[in-house]
Amino acid sequence: MFQRRRRLVDIQDLIAKIRCFVSEQSNAVFYLALILTASIFLPYVITAGVLILSCIYILLHKKQRRTILKVPYGRVLIGFFGISALLSAYYGNHLGIACCFGIFTIYVCAFYLRSVMTYSLFYLMMDTACAGSVLAALFAIYQKLSQYSTMPTYRPESFFLNPNYYGAIIEFIVIIAIYRADINLPGRPFYATVIGINLIGLYLCASMSAWTAMTAGVLVFLLLKKKYKIAAIYLTILILFILACNFIPSLFPRFNSIDDTTSNRMDVWWGAFHGFLDTPMLGRGPMAYTIVSKELGTYSTYHCHNLFLDMMLNYGIIGCGVFLTFMIAQVKQLWKRLKRKAYKGITLLTVSLTIAVLIHGITDVTIFWIQTGLLFMLAYTGTGIRNWPEDSTT
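Thresholds applied
Residues numbered from 1 in each chain as written. Predicted model: local features only at pLDDT ≥ 70, side-chain atom pairs only at ≥ 80, totals over all residues. Heavy atoms only, no water. Helix = DSSP H or I, 4+ residues; strand = E, 2+ residues; numbered from the N terminus. Buried < 20%, exposed > 50% of the residue type's maximum accessible area, 1.4 Å probe, protein only. Axes fitted to C-alpha atoms, helices over the stretch in contact; angles between N-to-C directions. Parallel < 35°, antiparallel > 145°, perpendicular 65-115°, else oblique. Left-handed = near helix turned anticlockwise from the far one by under 90°. Contact = heavy atoms within 4.5 Å. Nonpolar A, V, L, I, M, F, W, Y, C, P; charged D, E, K, R; others polar. Salt bridge = Lys/Arg side-chain N within 4 Å of Asp/Glu carboxyl O. Patch = residues over 30% accessible without salt bridge, like charges linked within 9 Å, V, L, I, M, F, W, Y side chains within 5 Å. Areas by Shrake-Rupley, 256 points an atom, 1.4 Å probe, with all protein chains shown as cover. Core = buried A, V, L, I, M, F, W, Y, C linked by side-chain atoms within 4.5 Å. Polar contact = N/O pair within 3.5 Å; in protein donor to acceptor, adjacent residues only side chain to side chain. Phe/Tyr/Trp six-rings, centres within 6.5 Å; stacked < 30°, edge-to-face > 60°.

A few words on unusual backbone geometry. Most peptide bonds adopt trans geometry, and most residues besides glycine take a negative phi value. In the Ramachandran plot, Ser 158 falls in the positive-phi region, its phi being about 55 degrees despite a non-glycine side chain. By secondary structure assignment, the location of Ser 158 is in the loop between helix H7 (119-148) and helix H8 (163-183). You can call Ser 158 buried: its relative accessible area is 5%. Of note in the backbone geometry, Lys 226 takes a positive phi value of approximately 65 degrees without being a glycine. Inspection of the secondary structure puts Lys 226 in the loop between helix H10 (208-224) and helix H11 (228-247).

Viewed as axis vectors pointing N to C, helix H5 (residues 74-90) and helix H6 (residues 94-116) meet at an angle of 165 degrees, and their least axial separation amounts to 8 Å. In terms of orientation, H5 lies roughly antiparallel with respect to H6. The two elements H5 and H6 cross, and the hand of that crossing is left-handed. From H5, Gly 74, Leu 77, Ile 78, Phe 81, Ser 84, Ala 85, Ser 88 and Ala 89 reach across to H6, where they touch Gly 96, Ile 97, Cys 100, Ile 103, Phe 104 and Tyr 107. Tallied by class, the residues present in the contact of H5 with H6 amount to 10 nonpolar, 4 polar and no charged.

With that settled, consider the pattern of salt bridges. Pairing between side chains of opposite charge can happen when the charged atoms of each approach one another. The full count for this structure, using the stated rule, is 5 salt bridges. For Lys 225, the salt bridge identified is with Asp 182, shortest N-O distance 3.1 Å. Of the two residues, Lys 225 sits in the loop between H10 and H11 while Asp 182 sits in helix H8, which places them 43 residues apart along the sequence. With a relative accessible area of 16%, Lys 225 lands in the buried category. Here Lys 227 makes a salt bridge to Asp 182, at a shortest N to O gap of 3.4 Å. Here Lys 227 is found in the loop between H10 and H11, whereas its partner Asp 182 is found in helix H8, with 45 residues between them in sequence. Shared partners join several salt bridges into a network, and the residues in it are Asp 182, Lys 225 and Lys 227.

A surface patch of nonpolar side chains, amounting to about 610 Å² of accessible area, comprises Leu 235, Ile 239, Leu 240, Leu 243, Phe 247 and Ile 248. You can see Leu 235 is positioned in helix H11. Judged by relative accessible area, Leu 235 falls into the partly exposed class, the value being 35%.

On to the nonpolar core. Core analysis: the largest hydrophobic core is formed by 98 residues, its most contacted members being Leu 36, Leu 113 and Phe 122. By residue number, the principal contributor to this core is H8, which donates 13 residues. Once residues lying within four places of it in the same chain are set aside, the contact partners of Leu 113 are Val 29, Leu 32, Ala 33, Leu 36, Leu 378 and Thr 381. Core analysis: the next-biggest nonpolar cluster, separate from the first, contains 7 residues, Val 268, Tyr 289, Val 292 and Leu 313 among them.

Moving on, we come to the environment of Asn 306. Assignment of secondary structure puts Asn 306 in the loop between helix H13 (289-296) and helix H14 (307-339). Using a relative accessible area of 12% as the deciding quantity, one classes Asn 306 as buried. Residues in contact with Asn 306, not counting those within four places in the same chain, are Trp 269, Gly 361, Ile 362, Asp 364 and Val 365. One polar contact links the side chain of Asn 306 to the main-chain amide nitrogen of Leu 309, over a distance of 2.9 Å.

Attention now goes to the packing of aromatic side chains. Applying the stated criterion across every chain yields a total of 23 aromatic pairs. A ring pair is formed by Phe 41 and Phe 160, whose centres lie 6.5 Å apart and whose planes are at 90 degrees; its orientation type is edge-to-face. With a gap of 119 residues between them, Phe 41 in the loop between helix H2 (27-39) and helix H3 (44-59) and Phe 160 in the loop between H7 and H8 connect regions that are remote in the sequence. Residue class for Phe 41 comes out buried when judged on its relative accessible area of 1%. A relative accessible area of 3% means that Phe 160 is categorised as buried.

Distances and angles like these do not, on their own, reveal function.
This is the structure we're talking about:
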């Protein structure tokens, strides 16, 4: 009886905090941020619709448009994507046109939210993402169970385009959950549950690139936070799991297909490199490999399975230069924060997520998709917070 009353008090206290929080936020910003976050964990068609409507809402307001254009080198990046869309149309790359539009909508939404972000809204966004990932994992478990009798090797994709994109979402969520657990002690049981059920989802979708990227991101975060014991425990468990899979291949059947997967990727990389040599300056727009694979007869897929080759093929030397200039401007801002030892937690989160993207990018390209790209950029919005609490570890 006492425990029931205590739980009721806790729930009432939580509701009161949410009401107080909402009253402090601009209603439009509050709903925009949470709806965008929640939409990631729904079918990607819904995510796309929410992104388009959100982008239109933001661009309809003059003040909000100005905010977006004030981002360092933002106008240059937007201008280049306009050129890239025209190049996509010239080469008949219809998927490329759609991708340019999708990247633009994510850019608009993310950098607007970054300009108005507060620590309480950011925390709620990240917790919403964690909660949404539980729903996605439960759906993935259902998919696996429903297909297991007829297709034991089936890899569930949950609400995402394919299992590899689902794996990329999981790697982000695990890093975010560890970050939140580090600064929100009462919420640790929730974040532990989120991590546990997402690891089940990652095991089921069997994305080896995501496992590697998640491990890199988690270790970077733990080591930078000086959580050496936890890092050592995590690495030990992972090594034991890998050894177990070597002795018992049925634990992770995809280990047996590494040779075939590598062979396919080598064929893709060969085609991507020769495609880049044909249009080295400006590329052919996003998803250019779909055109190259038909011309050269290489393994057919949507992208180059290597982030760096994909960037060179899609955007050429000039486009990669624009991206690099924009990224350097963002990195400088993060570096200034680290030097001042201010906003350290959110900066380390951003660094860890970026490391995960780069490691994943060695063998796969999952960041240029509306759900994965949006989640990464929503996590990045935290770097725009100005009214942080006195505790710089947040």
